[in-house]
There are 2 protein chains.
Amino acid sequence: MKIYVGVDLGGTNTKIGILNGNFEILAESSIKTLSQQGPEDTFTRIWEKIKEMFKELNLNEDNIEGIGLGIPGPVVNNSIVKIAANFSWGNNFNAKEVFERISKKQVIVENDVRLITIGEHQFGAAKNYSNAIVIPIGTGISAGIIVNNMILTGRDGAAGEFGHVSLLNKGIKCGCGLSDCLELNCSARGILRIADEVLDNTKDIEFSSIDNLEAYHIFNLYNQGNETAKKIVDIFCDNLSKGIGMLINIINPEVIVLAGGVSKSADIIIEGIKKHLHKYALGISLDNLNILKCKLGDKAGILGSSSLIINKKKGN
Amino acid sequence: MKIYVGVDLGGTNTKIGILNGNFEILAESSIKTLSQQGPEDTFTRIWEKIKEMFKELNLNEDNIEGIGLGIPGPVVNNSIVKIAANFSWGNNFNAKEVFERISKKQVIVENDVRLITIGEHQFGAAKNYSNAIVIPIGTGISAGIIVNNMILTGRDGAAGEFGHVSLLNKGIKCGCGLSDCLELNCSARGILRIADEVLDNTKDIEFSSIDNLEAYHIFNLYNQGNETAKKIVDIFCDNLSKGIGMLINIINPEVIVLAGGVSKSADIIIEGIKKHLHKYALGISLDNLNILKCKLGDKAGILGSSSLIINKKKGN
């Protein structure tokens, strides 16, 4: 029996899935990434967890055909992470080499957003679309772009970084080194920045009773009809529409899929986008466009990373 | 002997090239488009001109294997122009059907900017690059995007329209129906708009002596060291860098090629872009990026359109 492993390495948690060649998830689990302990430690613990999962499945890890690994940051040649995004593992970190040495299995590495995109394209909301853009909205925002059924990687593994397009005209510095990046107003953090600005000018009892405001609080209050929350969400959706309109004018896709943590509130966000998008995208590209919520949720990463290795092994 | 024809239909002039299968131009010519006389008239005159050119070459038009036709506007299925951009020939105009009926030859239609891009990619400055963006700057601005050696078309033939991304924050209406489109400050017309603004606040004798200011006047004065011209060109290049930075963050290409009428001043513009681009594009995508001037000039359109039909006939 041929078995494949998908690993979705995140800043806080790492998800692990074990799949057969029919893309059926036999087991899934999660461990803390604890990247500050160094890559050797993290990848050794991931590999120990995989072996433990195999034991529980009464399977031998000799059956592993390969491992697909998703990781944040620009990935080139399915092996090297060019810039340390969320980890202090240094630039040009060869994730493939380290994990192959520890696991003695073939490892294919890809950027995490692109794996979510591959997952949604092969199994989820973007299935049957040849030209799709998947947008995970989490701490940051970026896009996985599928053109003619192929994922866009770019020369340096940096395609899809539309969150760092300068759109805000406010003179705010972004962590990436540029200024006024869309992401600053258009992510889980971005909606909090908008909330700060709105709440500076608006007294709202329901907001002031919250200790540590997070994105989900805002969407909860929105659902309860809170007017301040409606205003914040409206500004957020206007900014997001600016970014999506830009992607549409450049790529002219068939479908936009919202994913990531914030996509739990995708219905609200899609409504907001439909209100604002016509201001930023050419009519011809909007007439037949679908805007959808992701289907795979948390599983997109492990499905995408394992499909990378399964397709490679099957020669697809 | 197999002969191919490339036609580059422009708002004012239509260029015609006659090529052999080795992409050698045997003859080229140009006629007025006169689109207001209707498509039947225009295509009949183009076909008469082609026959005349064949006579001069002592060739029989029976040798024509096919015709490649470049035309402004979003083209789908290599046949239909979805929106009338520069002509009053109506939406969903079937250029292939009309020209095939008149010429009795196979016709393949594509958007003019994409054909310039295909030309520069196959024979010009973008040759040997798998991921390239060609930007013709003329009356308007848009981009031809090559990814993995394939041209991006988009679902509705509208990919590459980065000139209509809302970037200016000035509340100016664009002819496309949107507002604040980059093109308004970033084309042959755009540089005149910038000049208007600058000259409102600056008395400049050398400028006030020009009757009908055109883009080339500004670049000429720039070359003569005129400070006002330098200011105008600097603002133009800053805006252009904003647009190119956006394309780079989304596509992460290997090369950017400047083409179109304004590219006669490409050396000046490239210098300006290099000054401003670092503000708008992620460093990782800039490290290995080349910014080049087009090589084919006016011939890009007929080379691109004929290569479309030559490659089709050869099964490439």
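Residues numbered from 1 in each chain as written. Chains lettered and ligands numbered in written order. Predicted model: local features only at pLDDT ≥ 70, side-chain atom pairs only at ≥ 80, totals over all residues. Heavy atoms only, no water.

A.B. asks: Before we move on, could you go through the overall build of chain A and cite the residues and values that matter?
C.D. replies: Counting secondary structure elements, chain A contains ten helices and 13 strands. The C-alpha radius of gyration computed for chain A amounts to 20 Å, which stays within 12% of the reference 20 Å derived for 316 residues, consistent with globular compactness. The dimensions of chain A, computed from C-alpha atoms along their principal axes, are 60 × 45 × 35 Å. Counting only residues that meet the buried cut, chain A has 58% of its 316 residues in that class. Total accessible area on chain A is roughly 12,900 Å²; 44% of this is exposed by carbon and sulfur atoms. Taken together, the 33 basic and 35 acidic charged side chains of chain A have centroids lying 4 Å from each other. (Helix = DSSP H or I, 4+ residues; strand = E, 2+ residues; numbered from the N terminus. Rg over C-alpha atoms; globule rule 2.2 N^0.38 Å. Buried < 20%, exposed > 50% of the residue type's maximum accessible area, 1.4 Å probe, protein only. Areas by Shrake-Rupley, 256 points an atom, 1.4 Å probe, with all protein chains shown as cover. Lys, Arg positive; Asp, Glu negative; His and termini not counted. Charge placed at Lys NZ, Arg CZ, Asp CG, Glu CD.)

A.B. asks: Break down the nonpolar core for me, with residues and values.
C.D. replies: Among the nonpolar cores identified, the biggest contains 97 residues, and Ile135 and Ile250 of chain A together with Ile135 and Ile250 of chain B are the most heavily contacted of them. Setting aside its immediate chain neighbours within four residues, isoleucine 250 of chain B contacts Ile145, Leu152, Ala159, Gly160, Glu161, Phe162, Met246, Leu247, Ile250 and Ile251 of chain A. (Core = buried A, V, L, I, M, F, W, Y, C linked by side-chain atoms within 4.5 Å. Contact = heavy atoms within 4.5 Å.)

A.B. asks: Outline the packing of helix H6 (residues 215–223) of chain A against helix H8 (residues 266–276) of chain A, supporting the account with residue identities and numerical values.
C.D. replies: Residues and elements named next belong to chain A. Interaxial distance between H6 and H8 falls to 11 Å at its minimum, and their mutual angle equals 75°. Here H6 lies roughly perpendicular to H8, going by the angle between them. Contact residues: H6 offers Phe219, Tyr222 and Asn223, while H8 offers Ile268, Ile269 and Glu271. Of the residues in the contact of H6 with H8, the class split is four nonpolar, one polar and one charged. (Axes fitted to C-alpha atoms, helices over the stretch in contact; angles between N-to-C directions. Parallel < 35°, antiparallel > 145°, perpendicular 65-115°, else oblique. Nonpolar A, V, L, I, M, F, W, Y, C, P; charged D, E, K, R; others polar.)

A.B. asks: So what's going on with the environment of glycine 190 of chain A? Which residues, and what values?
C.D. replies: Residue and element names in this part refer to chain A. Positionally, glycine 190 belongs in helix H4 (residues 188–201). Relative accessible area serves as the criterion here: at 0%, glycine 190 is assigned to the buried category. For the pair glycine 190 and glycine 138, spaced 52 residues apart in sequence, the C-alpha separation works out to 9.6 Å. When residues no more than four places from it in sequence are discounted, the contact partners of glycine 190 are Glu183, Leu184 and Asn185.

A.B. asks: Any chance you could break down the relation of the copies chain A and chain B for me, citing the residues and the numbers?
C.D. replies: Of the two same-sequence chains, chain A is brought onto chain B (RMSD 0.0 Å, axial shift 0.0 Å) by a rotation of 180°. When the rotation and shift are considered jointly, the pair of chain copies conforms to a two-fold rotation axis. Across chain A, the rotation axis passes nearest the C-alpha of leucine 167 of chain A, at a separation of 3.3 Å. Comparing contact sets, 100% of the residues at the interface of chain A also lie at the interface in chain B, consistent with an isologous, same-surface contact. (Least-squares fit on C-alpha atoms with pLDDT ≥ 70 in both.)

A.B. asks: Run through the pattern of salt bridges, naming residues and quoting values.
C.D. replies: Where side chains of opposite charge bring their charged atoms close, a pairing between them can arise. Residue and element names in this part refer to chain A. As enumerated under the stated definition, the model contains 26 salt bridges over all chains in all. Where glutamate 227 meets lysine 230, a salt bridge forms, and the shortest distance between an N and an O atom there is 3.6 Å. Here glutamate 227 pairs with lysine 230, and both are found in helix H7 (residues 227–251), just three residues apart, close to one helical turn. Look at glutamate 227 and you get exposed, because its relative accessible area is 58%. One network of salt bridges, with partners in common, ties together Glu40, Glu97 and Arg101. (Salt bridge = Lys/Arg side-chain N within 4 Å of Asp/Glu carboxyl O.)

A.B. asks: Give a description of the interface of chain A and chain B that names residues and reports values.
C.D. replies: Opposite the 42 residues of chain A that make contact, chain B presents 42 residues. For the pair chain A and chain B, the two sides together bury roughly 3,500 Å², of which 62% comes from carbon and sulfur. Looking at the side of chain A facing chain B, the largest losses of area belong to Arg155, Ile250 and Ile284 of chain A, adding up to 21% of the total buried there. Across the contact surface, chain A and chain B share zero salt bridges. (Buried area = accessible area lost by both parts, 1.4 Å probe.)

A.B. asks: Can you break down the sheet that holds strand S5 (residues 75–76) of chain A residue by residue, with the values?
C.D. replies: Sheet strands pair by backbone hydrogen bonding; their relative direction is either parallel or antiparallel. In space, the three strands of this open sheet follow the order S5-S6-S7 (chain A), with antiparallel pairing throughout. In this open sheet, the two edge strands, each paired with only one partner strand, are S5 and strand S7 (93–94) of chain A. (Pairing = 2+ DSSP bridges.)

A.B. asks: Would you mind going over unusual backbone geometry in detail, with residue names and values included?
C.D. replies: Residue and element names in this part refer to chain A. Located in the positive-phi region is asparagine 148, a residue other than glycine, with phi close to 50°. Position of asparagine 148 relative to the elements: it lies in the loop between strand S10 (144–147) and strand S11 (150–151). Using a relative accessible area of 38% as the deciding quantity, one classes asparagine 148 as partly exposed. Of note, asparagine 252 is a non-glycine position whose phi angle comes to about 50°, a positive value. With respect to the secondary-structure elements, asparagine 252 resides in the loop between H7 and strand S12 (255–259).

A.B. asks: Mind laying out the packing of helix H3 (residues 112–123) of chain A against helix H10 (residues 300–313) of chain A, listing which residues take part and the relevant values?
C.D. replies: Residue and element names in this part refer to chain A. Packing of H3 against H10 brings their axes to within 7 Å, and their N-to-C directions diverge by 80°. Put simply, H3 runs roughly perpendicular to H10. Residues Leu115, Ile116, Ile118, Gly119, Glu120, Gln122 and Phe123 of H3 form the contact with H10, whose own contacting residues are Ala300, Gly301, Leu303, Gly304, Ser305, Ser307, Leu308 and Asn311. For the contact of H3 with H10, a count of residues per class yields seven nonpolar, seven polar and one charged.

A.B. asks: Break down helix H1 (residues 39–56) of chain A for me, citing the residues and quoting the values.
C.D. replies: Count 3.6 residues to each turn of an α-helix, and residues three or four apart come out pointing the same way. All names here are of chain A. If you check H1, its first and last C-alpha atoms are 26 Å apart, about what 18 residues at 1.5 Å a residue would give, namely 26 Å. Buried residues of H1: Thr42, Phe43, Ile46, Trp47, Lys49, Ile50, Met53 and Phe54, and no others. Seen along its axis, H1 keeps its buried residues to an arc of 155°; they face one direction. More than 90 degrees from the buried face of H1, the exposed residues found are Lys55 and Glu56. At its buried positions, H1 is contacted by strand S1 (3–9), strand S2 (13–20), strand S3 (25–32), strand S4 (64–71), S7 and helix H2 (95–103). (Expected span 1.5 Å × (residues − 1). Arc of directions from axis to C-beta.)

A.B. asks: Lay out the pairing of strand S12 (residues 255–259) of chain B with the relevant residues and their values.
C.D. replies: All names here are of chain B. Across the five residues of S12, five count as buried, placing the element largely inside the fold. Neither face of S12 is open: one carries Val255, Val257 and Ala259, the other Ile256 and Leu258, and all of them are buried. Relative to S12, strand S9 (residues 132–136) runs parallel, the two being bridged by five bridges. Residue pairing for S12: alanine 132 is matched across the bridge by valine 255.

A.B. asks: Tell me about the state of the cysteines, and name the residues and values.
C.D. replies: Applying the stated criterion across every chain yields a total of zero disulfides over all chains. For the unlinked cysteine cysteine 176 of chain A, the closest cysteine sulfur is that of cysteine 181 of chain A, found at 3.7 Å. Free cysteine cysteine 294 of chain B: the closest other cysteine sulfur is in cysteine 237 of chain B, separated by 16 Å. On the basis of relative accessibility, which here comes to 13%, the residue cysteine 294 of chain B falls in the buried class. (Disulfide = S-S within 2.5 Å.)

A.B. asks: How would you explain the packing of aromatic side chains if you had to name every residue and give the values?
C.D. replies: By the definition in use, this model includes 13 aromatic pairs over all chains. Here the aromatic rings of phenylalanine 219 of chain A and phenylalanine 236 of chain A are separated by 6.5 Å at their centres, their planes lie at 80°, and the arrangement is edge-to-face. Here phenylalanine 219 of chain A is found in helix H6, whereas its partner phenylalanine 236 of chain A is found in helix H7, with 17 residues between them in sequence. When sorted by exposure, phenylalanine 219 of chain A lands in the same class as phenylalanine 236 of chain A, which is buried. Judged by centre distance (4.9 Å) and plane angle (35°), the ring pair of phenylalanine 43 of chain B and phenylalanine 99 of chain B falls under tilted. Note that phenylalanine 43 of chain B is positioned in helix H1 (residues 39–56) and phenylalanine 99 of chain B in helix H2 (residues 95–103), a separation of 56 residues in sequence. Assessed through its relative accessible area of 0%, phenylalanine 99 of chain B is described here as buried. Every member of this aromatic cluster is reached through a ring pair, and the members are Phe43, Phe87, Trp89, Phe93 and Phe99 of chain A. (Phe/Tyr/Trp six-rings, centres within 6.5 Å; stacked < 30°, edge-to-face > 60°.)

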